[in-house]
Amino acid sequence: MNLPDNIFSRITSAGEKILRRHAICTDANVREALGAINSLSGSAMTLFAITREGKLAGTITDGDIRRALIAGADLDDKVEKVMHRNFLSVAPGEDQCVAIAEGRERRLTLLPVVDDGKILDIIDLREVKTRLPIDAVLMAGGRGERLRPLTLSTPKPLLKVGGKPIIDYNVEELEACGVKNIYVTVNYLADLIISHFEKREGLAEVVCVREPRRLGTIGSLALIDNLRNDDILLMNSDLLTAIDFEAMYLHHRRSGADITMAAVPYTVSVPFAIMHLEGERVKGLEEKPTYNYFANAGVYLLKRHLLDLIPKGEYLDAPDFIASIIEKGGDVGCFPVRGTWIDIGSPDDYRHANEMMSHPLLRR
């Protein structure tokens, strides 16, 4: 049963391409649905059952049909009898990241974007990593003094690791996560970074924001006045990390925190016996103890309303800003980083990062 062409005219070109293969009319019978699913071999084995008025009524898989046949359905029955009515969809303006994560938990392949019952787009979960509803700000204004002479003529974010500028790893990962708006704050050798992104082509719009002087980790945020989302990712641009941005965002959203800080485990081993004292009396000895901590990873998710608390034109670093939020009673959360995290701040770190990136299996 063919569907009217106007059903396909309202959706995105990518969504139309998928829907033309996966749509079936609710007037069709189970036998026709089986034939349609069989023709999808090698693709997502899901059909969208659509009424002649163009509304999505349900989804159909071979599992739905098998269960219906066992329950007594007939091949000549309409697909309405076998379709799954409690399907997952996402509405325009809804948080697609949350829906995509739920879709993966359900082992879905295709996620429809639906408005008033009509499909506007279809997200292929095999190709889309996630779609984070955030703006991202990468801090790239530092002088990289510990890496001199490498940074005398090249800003640290443009130093190459594995043949690619450090900052590009972070920009590309954010693009893969569906981030459309990326801002890069620049100061030292700013023109080189600006030129780099003027020549670069990618999925996201990358805008360089020049600091009139060094403003610190948080101070430069006050220079950006066209942020579009309620949550902002702020991170050092010279990190080499396998942080899961989607997991961090979902954690931040579910916790309701004002700020979520990424944290890396840090271990301190003392090579001596530590004395436990009361005054001048030794009450015990601890032989070569090891202490485990979480350290600031230089990646933050914060609510946009906090930007109103940043004084314009003044130097402000993240630790001082976060301490002030805690003092005001704000909620600051922590998200542990699993896998690679290298803060490329010294020649040894830089050599380690290049060595690691030369062995792809060691990257995570």
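Note that the structure is a prediction, hence the values are computed from the model and not measured. (Residues numbered from 1 in each chain as written. Predicted model: local features only at pLDDT ≥ 70, side-chain atom pairs only at ≥ 80, totals over all residues. Heavy atoms only, no water.)

S.K.: Could you clarify how one ought to interpret the overall build of the protein chain in this entry?
M.R.: The secondary structure content of the protein chain amounts to 11 helices and 18 strands. Here the C-alpha radius of gyration of the protein chain, 26 Å, is well above what a compact globule of 364 residues would show, namely 21 Å. Principal-axis analysis of the C-alpha atoms places the extent of the protein chain at approximately 90 × 55 × 45 Å. Across the 364 residues in the protein chain, those meeting the buried criterion constitute 48%. (Helix = DSSP H or I, 4+ residues; strand = E, 2+ residues; numbered from the N terminus. Rg over C-alpha atoms; globule rule 2.2 N^0.38 Å. Buried < 20%, exposed > 50% of the residue type's maximum accessible area, 1.4 Å probe, protein only.)

S.K.: I keep staring at the sheet that holds strand E1 (residues 23–25) and nothing clicks. Help me out?
M.R.: The strands making up a sheet associate through hydrogen bonds between their backbones, and the pairing can be parallel or antiparallel. In spatial order, the strands read E1-E2-E3; together these 3 strands make up an open sheet with mixed pairing. Two strands in the sheet have a free side with no partner beyond their single neighbour: E1 and strand E3 (56–60). Along the sheet, successive strands turn relative to each other by an average axial angle of 30 degrees, direction set aside. In this sheet, E3 lies alongside strand E2 (residues 47–50) in antiparallel orientation, the contact comprising 4 bridges. By the bridge assignment, Ile-50 is partnered in E3 with Leu-56. (Pairing = 2+ DSSP bridges. Axes fitted to C-alpha atoms, helices over the stretch in contact; angles between N-to-C directions.)

S.K.: In this structure, what is going on with unusual backbone geometry? I would like to understand it.
M.R.: Comment: phi is negative for the bulk of residues other than glycine, and the bulk of peptide bonds are trans. A positive phi is found at Asp-116, a non-glycine position, where the angle reads about 55 degrees. Within the secondary structure layout, Asp-116 lies in the loop between strand E4 (110–115) and strand E5 (118–124). Positioned with a positive phi, Leu-189 is a non-glycine residue whose angle comes to about 50 degrees. Examined against the element boundaries, Leu-189 turns out to sit in the loop between strand E9 (181–186) and helix H7 (190–199).

S.K.: I tried to follow the nonpolar core on my own but got confused; where do I start?
M.R.: Burial of nonpolar side chains together is a common tendency in soluble globular proteins. Among the nonpolar cores identified, the biggest contains 37 residues, and Ile-182, Val-184, Leu-233, Phe-245 and Val-299 are the most heavily contacted of them. Apart from residues lying up to four places away in sequence, Leu-233 is in contact with Ile-134, Asp-135, Ala-136, Val-137, Leu-174, Phe-245, Val-299, Tyr-300 and Leu-301. (Core = buried A, V, L, I, M, F, W, Y, C linked by side-chain atoms within 4.5 Å. Contact = heavy atoms within 4.5 Å.)

S.K.: I keep staring at the pattern of salt bridges and nothing clicks. Help me out?
M.R.: Note on pairing: side chains with opposite charge can pair once their charged atoms come close. Across all of its chains, the model carries 16 salt bridges by this definition. Residue Asp-124 pairs with Arg-126 through a salt bridge whose shortest N-O separation is 2.8 Å. A relative accessible area of 7% means that Asp-124 is categorised as buried. The shortest N-O distance in the salt bridge between Glu-175 and Arg-200 comes to 2.9 Å. Separated by 25 residues along the polypeptide, Glu-175 in helix H6 (residues 166–176) and Arg-200 in the loop between H7 and strand E10 (205–210) bring together distant segments of the chain. Given a relative accessible area of 10%, Glu-175 falls into the buried group. (Salt bridge = Lys/Arg side-chain N within 4 Å of Asp/Glu carboxyl O.)

S.K.: Is there a simple way to think about the packing of aromatic side chains in this case?
M.R.: In the structure shown here, the tally under the stated rule is 0 aromatic pairs. Over the ring of Tyr-169 we find Lys-164, and its NZ or CZ is 4.3 Å from the ring centre. (Phe/Tyr/Trp six-rings, centres within 6.5 Å; stacked < 30°, edge-to-face > 60°. Lys NZ or Arg CZ within 6 Å of the ring centre and 35° of its normal.)

S.K.: Would you mind going over the side chain of Thr-185 with me for this structure?
M.R.: Position of Thr-185 relative to the elements: it lies in strand E9. Leaving out residues up to four positions away in the same chain, Thr-185 has contacts with Val-137, Leu-138, Met-139, Ala-140, Gly-141, Val-209, Ser-220 and Ile-224.

S.K.: Which parts of the structure should I look at to understand the pairing of strand E13 (residues 259–269)?
M.R.: If a strand is regular, its side chains alternate between the two faces of the sheet. Of the pairings in the sheet, the one linking E13 to strand E16 (residues 290–303) comprises 10 bridges and is antiparallel in character. The partner of Pro-265 across the bridge, within E16, is Phe-294. Here E13 runs beside strand E17 (residues 332–336); their pairing, made up of 5 bridges, is parallel. Across the sheet, Ile-259 pairs through a bridge with Val-332, a residue of E17.

S.K.: Sorry if this is basic, but what is going on with the sheet that holds E10 here?
M.R.: Strand order in the open sheet formed by 7 strands is E10-E9-E6-E11-E16-E13-E17, with mixed pairing between adjacent strands. In the strand order of this sheet, the two ends are held by E10 and E17, each with one partner. Direction aside, the axes of adjacent strands within the sheet are offset by 30 degrees on average. The pairing of E9 with E10 spans 6 bridges and is classified as parallel. What sits directly across from Asn-181, in E10, is Glu-205. Where H7 meets the sheet, it contacts strand E6 (134–140), E9 and E10, and its direction lies at approximately 165 degrees from that of E10.

S.K.: I would appreciate a short explanation of the pairing of E4 in the present structure.
M.R.: The buried fraction of E4 is high, at 5 of 6 residues. Where E4 meets E5, 6 bridges bridge the pair, whose relative direction is antiparallel. Bridged to Val-114 within E5 is Ile-119.

S.K.: What is the right way to look at the environment of Ala-99 in this model?
M.R.: Tracing the backbone shows Ala-99 in helix H5 (residues 96–105). The class of Ala-99 is buried, set by a relative accessible area of 6%. With 10 residues separating them in the primary sequence, Ala-99 and Ser-89 have C-alpha atoms 7.4 Å apart. Once residues lying within four places of it in the same chain are set aside, the contact partners of Ala-99 are Leu-88, Val-90 and Leu-111.

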